[in-house]
Amino acid sequence: MSLSVAYARTAAFAFLAGLGCSLAVYPLAGHWLLAVLAAYGALLWWRPALWLFALPALLPVLDLAPLTGWFFLEEIDLLLMLTAAITYWRWSADRADLPHWPLLFRLGLCFLAMACAIGLWRGLRPLSSVDVNTFNNYLSPANALRVAKGWLWALVLLPPLRQAAGAQCQGIRQYLLPGMMLGLLLVTAATIRERVQFPGLLNFSSDYRISAPFSAMHTGGAALDGYLALSTPLLAVWLAERHAPLRNIAALTLLPLALYAGLATFSRGLYLALAVAVIMLATSPVLRRPRILVAGAAILLPLDAAFRLAGYRAYALLLCLTGLIVVAANRRHTTMVLAGLLVLSPVVPIYHGYYVNQRFSTVTSDWSARLRHWQQTLAMMDQDTATQWLGMGLGTFPVTYFWRNPQREVPPSYQFVDQGPNRHLRLAAGEYAAGYGELLRLLQAVQIRPGQQYTLGVDVWNNGPPGFLQVNLCQRQLLYPQHCVTLPLRQIPPGLGWQRYVFPVHAGLLGSGSLPVKLEIAAEGQRAVLDIDNISLRSVPDGHQLLRNGSFSDANNYWFFSSDRHHLPWHIKNLGLNLYFEMGWLGVLSCTLLLLSAAAALLRRGDTAWLAALVAFLIVGLFDSLIDVPRITLLATLLLCAAALQARTPT
């Protein structure tokens with residue numbers, strides 16, 4: 001990992017040039033990204049090592065894709081280019097006392113770099129010219145670049161990670177862990193805000209599933225689940241610290257928020273992951289209190305009975321009384337006792353929620369469907385030896401499913417079409433044997449005033465079979481719209497050229513309570529393909545235009561798509577299988593070496609919390625892909641690399 005100052009400065013110039021080119025094309029209007037980048041750059045110039053604090057805090061929440069429509073070149077890429085530019089420019093020559101990675105881990109990194117390079121090349125094939133549809137849909141070969149960047153950015157940040165960690169790896173606890181805790185706080189705040197705005201904070205009967213700040217969940221997936229599994233167990237580091245009352249209090253404050261966020265995902269994989277993490281922590285050599293599990297089970301029984309008989313009031317009263325008694329009996333271990341009670345407190349109400357019970361009642365059928373999906377994924381791969389060892393290529397699953405799925409489904413899609421000087425949107429409806437929510441909706445956030453009158457206009461041309469145009473205004477975070485103002489469903493007859501449709505719209509209660517409102521458009525019908533142009537939403541009577549890029553002249557700028565419920569066309573739904581599909585046995589081998597080496601280092605140091613975080617992340621990965629979200633790939637890889645770092649001299 002030796003790096004000379006001259007090479008570092010050259011790399012810094014390259015990253016700075018990339019940042020300048022990216023800012024020249026990125027849609028910056030209407031948000032505060034430039035101010036964030038300026039403040040972040042000033043912070044790093046003052047103290048470059050602080051990237052290890054700021055980056056984990058910003059990675060999960062700096063996500064503007066639903067507003068900008070850009071999800072290939074993202075805000076995190078701008079942030080990372082700035083990080084690399086400053087840290088490499090401020091590079092000091094490698095010192096002999098810097099921490100290092102074990103030989104097995106370095107071997108895994110080499111294999112990972114090879115697997116990524118080969119997977120990127122195979123994913124980009126067939127090489128084609130760049131056009132308007134190259135960087136805005138998952139069916140494009142350029143999706144390989146989107147998926148690869150999570151791994152590649154992690155490799156770029158390895159030298160700065162060693163320097164920021166310091167000779168005795170003190171930077172991991174000083175910067176990385178607090179950054180993770182701040183990020184967790186911001187994510188839980190976004191989660192709670194979304195719950196309050198939509199289903200309600202204590203409504204555990206609705207099937208509403210939160211996405212918080214993770215726009216990658218617009219096609220389902222488990223970005224939020226993976227993040228919470230990776231970050232929540234790390235709270236135990238602060239909880240177990242002695243003579244650190246401020247960190248103890250901060251962890252005790254954050255713990256119930258993080259647990260609420262995790263339980264409110266209704267993700268069975270995350271429930272299992274957090275349960276395993278709690279067991280690992282309760283039985284760890286650090287705590288040496290496996291009886292905590294027995295005591296917890298004994299406390300849950302009367303709490304469950306109180307909730308069944310008298311609801312929340314009796315439950316809260318008994319919980320408070322139990323807490324006072326247990327804390328009084330264990331004054332020497334107040335922090336850990338309170339942490340245990342906080343872990344237990346949300347379990348009973350959420351367990352009795354209707355939707356949780358419904359979710360667990362379908363475990364058998366859902367597991368069978370998942371197994372079938374995995375078998376079909378393997379069947380869709382090329383069967384030659386090169387594919388087995390090198391994979392189909394990064395980011396290739398969506399397009400492989402589109403063309404090869406055995407059900408002969410045709411997932412919905414969109415593209416931008418240039419006809420002479422004009423550019424318009426083409427929406428193709430999906431073809432499924434059965435199912436709900438299979439529509440692909442194109443969304444744009446709009447500022448609606450409650451009770452206001454509006455006029456919506458749209459040009460439509462149908463060149464194929466009869467199709468229906470859906471246009472709605474809905475309260476929506478990302479998935480699952482509610483309180484929609486539905487415009488009349490129009491069947492668009494074929495072959496009549498461009499037709500202009502104008503609809504009067506009364507906002508009703510939309511726009512009240514600071515709830516986000518989005519305009520959504522979709523095509524529906526057997527083999528329906530609709531061309532759409534010149535969408536406008538104007539207030540009455542002043543004619544003020546609320547939409548941006550309604551003519552699609554800037555392609556996907558400010559438009560973001562969502563597939564609410566049918567997610568299998570987009571995700572493999574298993575971390576190991578995803579590695580094998582995209583990078584073959586070489587990718588599986590590289591990640592196995594990294595995990596084994598990091599786990600061995602953590603076990604030697606007794607860092608159970610870090611190990612529990614990695615195990616919880618892998619458990620979520622049993623049921624979801626995770627690495628098709630670059631920011632999750634990057635964060636998990638950074639934590640893995642930080643966990644495996646070893647000081648050259650004993651502390």
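To keep things clear, this report deals only with the structure shown in the data block. This structure is a prediction, so every number in the text was calculated from the model and none was measured.

A few points about the pattern of salt bridges
- Evaluation of the coordinates by the stated rule reveals 18 salt bridges.
- Taking the shortest distance from any N to any O, the salt bridge between glutamate 241 and arginine 247 comes out at 2.4 Å.
- Classification of glutamate 241 by relative accessible area gives buried; the value is 19%.
- The class for arginine 247 is partly exposed, based on a relative accessible area of 38%.
- Close ionic contact of arginine 441 with glutamate 520 constitutes a salt bridge, the shortest N to O distance being 3.5 Å. Highlighted residues: arginine 441 in strand S3 (residues 441–446) and glutamate 520 in strand S9 (residues 517–524), separated in sequence by 79 residues.

Description of the sheet that holds strand S8 (residues 499–506)
- Spatially, 5 strands are ordered S1-S2-S10-S4-S8 in an open sheet, and the strand pairing comes out antiparallel. Among the strands making up the open sheet, the edge pair consists of strand S1 (413–419) and S8. Averaged over all adjacent pairs, the angle separating strand axes in this sheet is 35 degrees, with direction ignored.
- Inspection of the sheet shows strand S4 (residues 453–462) paired to S8 by 8 bridges, in the antiparallel sense.

Regarding the packing of aromatic side chains
- The full count for this structure, using the stated rule, is 29 aromatic pairs.
- Summarising the aromatic geometry, the rings of phenylalanine 71 and phenylalanine 560 are spaced 5.9 Å apart at their centres and angled 75 degrees between planes, so their arrangement reads as edge-to-face. Of the two residues, phenylalanine 71 sits in the loop between helix H4 (65–68) and helix H5 (75–89) while phenylalanine 560 sits in strand S11 (residues 560–562), which places them 489 residues apart along the sequence. Both residues of the pair, phenylalanine 71 and phenylalanine 560, belong to the buried class.
- Between phenylalanine 214 and tyrosine 227, the ring centres sit 5.8 Å apart and the planes meet at 45 degrees, which makes this aromatic pair tilted. Of this pair, phenylalanine 214 sits in the loop between helix H9 (170–197) and helix H10 (223–231) while tyrosine 227 sits in helix H10, and the two are 13 residues apart along the sequence.
- With relative accessibility at 2%, the residue phenylalanine 214 sits in the buried group.
- Assessed through its relative accessible area of 1%, tyrosine 227 is described here as buried.
- Connected via pairs of aromatic rings, a cluster forms that spans Phe71, Phe72, Phe135, Tyr138, Tyr414, Phe416, Phe552, Trp559, Phe560, Phe561 and Trp570.

The rules behind these values
Residues numbered from 1 in each chain as written. Predicted model: local features only at pLDDT ≥ 70, side-chain atom pairs only at ≥ 80, totals over all residues. Heavy atoms only, no water. Salt bridge = Lys/Arg side-chain N within 4 Å of Asp/Glu carboxyl O. Buried < 20%, exposed > 50% of the residue type's maximum accessible area, 1.4 Å probe, protein only. Helix = DSSP H or I, 4+ residues; strand = E, 2+ residues; numbered from the N terminus. Pairing = 2+ DSSP bridges. Axes fitted to C-alpha atoms, helices over the stretch in contact; angles between N-to-C directions. Phe/Tyr/Trp six-rings, centres within 6.5 Å; stacked < 30°, edge-to-face > 60°.

Read these as geometric descriptors, not functional statements.
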